[in-house]
Amino acid sequence: MKKKVCFSFVVDADPIFYIQTLNLIATLLKSKTAKPEEIVVHVVEGVDKDFIEFVEKLTLEVHEVKPIDYKLPRYCNKLRQLENEYLKTAELVVLLDTDIAFADNVRDFIESSSQLIRGKVVDLPNPPLEILEKLRQEFDIKKKPNLTNTSHSNELTFDTNWNEGFYIIPSKYLDTLYTSWTKIASDLIKYQTLLGRYFIHIDQISFCLSLMKSEFPYELIPVEYNFPIHLDLNAYDEDSFSSPKVLHYHKKLDCHGFIEFLSIPKIDQSIKKANELISLFRKKNFDNKIFWEYRYQRFEDIGSGIGSRGENLETRRKILYPFFYFYGNKQILDVGCGDLELSCMAECENYTGIDISEEAIKIARKKRTDWNFIAGDFNRLNFEGQRYDLVYCGAVLIHQPTYEQYLNFVSKLVELTEDVLIVEGYDSSPLYTSDITFYYEPITETLKRNHKVASIKHIGSYRDTSIILAKMKNKEVVDLDLFIETVYYLYTCPNRKVLREIIQLSFDSFGWFTETKSRFYEYPYIVEQVENMQGEKKRVLEIGAGVNPLPLYFSKKGFDVITIDNHETQVDPNKIKSEWGFLDYSLFDKTIKSFNIDALYIDKIINKDDEKVDIVYSVSTLEHIPSIKRRYIIKNIGQVIKPGGSLLLTIDLIPNKNLVWNYSEGKVVEDTSTHGTIEDVLLEINKEDFIISDFSIVRGIGRTDIAFIKAVKI
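We now turn to the structure provided with this report. (Residues numbered from 1 in each chain as written. Predicted model: local features only at pLDDT ≥ 70, side-chain atom pairs only at ≥ 80, totals over all residues. Heavy atoms only, no water.)

**Some points on the side chain of Asp-652**
Along the chain, Asp-652 falls in strand β24 (residues 641-653). Despite its burial, Asp-652 pairs with no opposite charge, the nearest such side chain being Arg-519 at 4.9 Å. Reaching out from Asp-652, the side chain makes a polar contact with the side chain of Ser-620 at a distance of 2.7 Å. When neighbours within four sequence positions are excluded, Asp-652 is seen to be in contact with Glu-522, Ser-620, Glu-623, Val-660, Trp-661, Thr-704, Asp-705 and Ile-706. (Helix = DSSP H or I, 4+ residues; strand = E, 2+ residues; numbered from the N terminus. Buried < 20%, exposed > 50% of the residue type's maximum accessible area, 1.4 Å probe, protein only. Lys, Arg positive; Asp, Glu negative; His and termini not counted. Salt bridge = Lys/Arg side-chain N within 4 Å of Asp/Glu carboxyl O. Polar contact = N/O pair within 3.5 Å; in protein donor to acceptor, adjacent residues only side chain to side chain. Contact = heavy atoms within 4.5 Å.)

Set out below in structure tokens:
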């Protein structure tokens, strides 16, 4: 037994057709005009396979068709659907364009006649009457045409010159109509000069002529059943029509894929009804790829939305750029990079951006030709064991249409993260909702359940979207707040490139970095002075090493490193929490020699000329000991350093004075008059046959001012 009605249309390979198709399907189903099994989707070669898969999941009939003659406009591809025998399983076939939307249930109207071919006359005289008449004569159509006014002008046209988009055809006429329609369409190619700008309407014109030639019974339908909304506003007279039931909107879609309003109440009411049906459908059938391909192709200036432009964009950059910089020399993965408006100015080298939208990736590649990009569905991509030090995922989770997809997405993000995951999502029920955003549970709760995650921190927000940082267990840190503070402070520092490497080494080795802000200036100073020295890699000695990353850094760079510290506390390498104490660096690097002795006795470990060192450095150590002992240590340094070798010191000063800082672990070492000034220290260095080659004071970078000294042994 035949179905009563079959609804058929053709989809071309273009994102605008994909979003239009979903709108058409949505309004057909939600208006109850059609059932899923009555809808036949014809896709032209080249249509995105993910789109086809999505449509098939809606349990609709999907058939592939070849494009029509390449010499014809692509709108003629609609003729291909008439080749499909499946259409003949229904009594009536409704041929639709994808840019049609149903505002009401028009099922009864469609079924009201099974004998007549029905359609609406064209909106405007396209083409003009004289061209149609000339073509009628050229094709030797004997039947004299009936004339009628176009629907939105007072000009005449043939009453078979119908607007595309909504044809109702009894299936018994399909074969004959198809033969005539396609032949006339092909023959019209040679009339391109006559048609001029109307050549793109060949499918409509050929239908007009073939309907006349066939002499099948036909009937014009009211304008309300194929109502155009793309015309100039002065083309509409509200008194001349009732509320539209079927809208023909062409490309009049906003950035969300909804039909644009016209500010004409009677029409807008129908548009509102159609948009509500589209929204209702999306809540259960949202597809990210279809939506974002459309958005980025048609609305490049808007990007992914309110979070990617204006104040929200700047807020996110301030939060995220320090992390992009911190991991900029490592591997970064940006999931849902979009058009790259957010991250395009980030300072990083090994960046990979992923987005489900090929249109977005096209834009992104233009902004950063030095970065790597992948267009694809994140959940389907195979990373083959690859891990990334930083994984960032912007507002992608909020668009996952099912809880299962949401959980899989989060799980994969964590799986790919070696060190830090920064993810944006809802951490409570959102204030702002839409048909393309979804909330299932707080993102922090989802992350807490993952066994790889060690700690979680809320680092910012915009609107009702939270920005969450998750640290992995294999890269766990002693204090997550300190880690985050360090990343942000680093971003503001000069010499931050070398400092970044030092801090990374400290966190990787100790799970910790000092909170003392002066170290952000002292460490780079020492490193740059050492690395600027000419010749082969040197032998270096650090006095008062405590716990700091410089010995590991220099050893990694090929230096022969010795450390001494006399602190009585033996630091557990698995429980490092401060700079204080003696640390045996050989536990981290077997090439480093560490001695738990007082600097007064360095001549006991370096007592031969061939054991002398090229560089001695000390970071904020000499100020913590009495001045008399300080002088002895400087004297001993002079005895263990090679001629031409360098002494590098940083020394804390009392703020806004040249007095040497006189505290050690919270206790007064001696009074300031005895402890001396920085000038006294310089004289003490000179006395031991050193020449001061560099000296400066930096004030206001912490609780103390800092003196920087470089001296060369004569």
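Picking up where we left off.
**Things to note about the sheet that holds strand β5 (residues 100-102)**
A sheet is described by the order of its strands in space; here three strands give the open sequence β5-β12-β11, paired in mixed fashion. The open sheet is flanked by β5 and β11 (227-228), the only strands paired with a single partner. Note that β11 and strand β12 (residues 246-248) share two bridges and pair parallel. Within the sheet, the bridge partner assigned to Phe-227 lies in β12 and is Leu-247. (Pairing = 2+ DSSP bridges.)

**Focus on the pattern of salt bridges**
Inspection of every chain in the model, using the stated rule, returns 47 salt bridges. Between Arg-282 and Asp-435 there is a salt bridge, with its nearest N and O atoms 3.3 Å apart. With Arg-282 in helix α8 (residues 265-285) and Asp-435 in the loop between β17 (417-425) and α13 (443-448), this residue pair connects regions lying 153 residues apart in the sequence. For Arg-282, a relative accessible area of 6% puts it in the buried group. Put simply, Asp-48, Asp-50, Glu-53, Lys-57, Lys-289, Asp-377 and Arg-380 are held in one network by salt bridges that share partners.

**Side note on helix α7 (residues 202-214)**
For α7, spanning 13 residues, the distance from its first C-alpha to its last is 18 Å, which sits close to the expected 18 Å at 1.5 Å a residue. Within α7, eleven of the 13 residues are buried, which leaves it mostly tucked inside the rest of the structure. Along α7, the positions that sit buried rather than exposed are Ile-202, Asp-203, Gln-204, Ile-205, Ser-206, Phe-207, Cys-208, Leu-209, Ser-210, Leu-211 and Met-212. Glu-215 sits one or two positions beyond α7 and adopts a positive phi of about 60°. (Expected span 1.5 Å × (residues − 1).)

**As for the sheet that holds strand β15 (residues 372-375)**
Pairing is mixed across the open sheet formed by seven strands, whose spatial order is β15-β14-β13-β16-β17-β19-β18. The sheet terminates laterally at β15 and β18 (453-462), the two strands that pair on one side only. Across this sheet, the average inter-strand angle for adjacent strands is 15°, counted without regard to direction. Its contacts with the sheet put helix α10 (residues 310-326) on β13 (331-335), β14 (350-355), β16 (388-393), β17, β18 and β19 (465-472), and the angle it makes with β18 is roughly 150°. (Axes fitted to C-alpha atoms, helices over the stretch in contact; angles between N-to-C directions.)

**With respect to empty space enclosed by the protein**
Counted under the stated rule, the structure contains five cavities of 30 Å³ or more. Within this model, the largest cavity holds a volume of roughly 80 Å³. Considering the residues around the largest cavity, the lining is formed by Ile-19, Leu-22, Asn-23, Phe-281, Arg-282, Asn-285, Phe-286, Asp-287, Ile-290 and Phe-291. Those elements giving two or more residues to the lining of the largest cavity turn out to be α1 (15-30), α8 and α9 (288-298). Among the residues forming the lining of the largest cavity, the class breakdown is six nonpolar, two polar and two charged. (1 Å grid on protein atoms, 1.4 Å probe; cavity = no way out; pocket = protein on both sides within 12 Å on 5 of 7 lines; lining within 4 Å. Points joined across faces, edges and corners; volume = space filled by probe spheres on them. Nonpolar A, V, L, I, M, F, W, Y, C, P; charged D, E, K, R; others polar.)

**A word on helix α4 (residues 129-138)**
All buried positions along α4 are accounted for by Ile-131, Leu-132, Leu-135 and Arg-136. Along the long axis of α4, the arc covered by the buried residues comes to 140°, so they all point the same way. Those residues of α4 that are exposed and aimed more than 90 degrees away from the buried face are Glu-130 and Gln-137. On its buried face, α4 is in contact with β8 (156-158), α6 (192-195) and α7. Directly beyond the C-terminal end of α4, a positive phi value near 55° is found at Asp-140. (Arc of directions from axis to C-beta.)

**Section: the pairing of β17**
One face of the sheet, then the other: side chains in a regular strand alternate in exactly this way. Here β17 lies mainly inside the structure; eight of its nine residues are buried. In terms of strand pairing, β16 meets β17 through five bridges, oriented parallel. By the bridge assignment for β17, Tyr-388 is matched with Thr-417. Crossover handedness for the path β16 to helix α12 (residues 403-416) to β17: right-handed. Of the strand pairs in this sheet, β17 and β19 are connected by six bridges, and their pairing is antiparallel. Bridge pairing in β19 places Glu-424 opposite Ile-467. (Right-handed = clockwise from strand over helix to strand, strands pointing away.)

**Details of the packing of aromatic side chains**
On inspection of all chains with the given rule, the structure shows 44 aromatic pairs. Geometrically, the ring pair formed by Trp-292 and Tyr-296 is tilted, given 6.2 Å between the ring centres and 40° between the ring planes. Taken together, the residues span about one helical turn, with Trp-292 and Tyr-296 both in helix α9 at a distance of four residues. Both rings, one in Phe-324 and one in Tyr-392, keep their centres 5.8 Å apart while their planes meet at 75°; by these two values the pair is edge-to-face. With Phe-324 in helix α10 and Tyr-392 in strand β16, this pair connects stretches of sequence that are 68 residues apart. (Phe/Tyr/Trp six-rings, centres within 6.5 Å; stacked < 30°, edge-to-face > 60°.)

**Section: the packing of helix α19 (residues 627-640) against helix α21 (residues 678-687)**
At their nearest, the axes of α19 and α21 sit 9 Å apart, and the two run at 35° to each other. Considering the relative orientation of α19 and α21, their crossing is right-handed. On α21, the residues that touch Arg-630, Arg-631 and Ile-634 of α19 are Val-681, Glu-684 and Ile-685. Residue classes in the contact of α19 with α21 are distributed as three nonpolar, no polar and three charged. (Left-handed = near helix turned anticlockwise from the far one by under 90°.)

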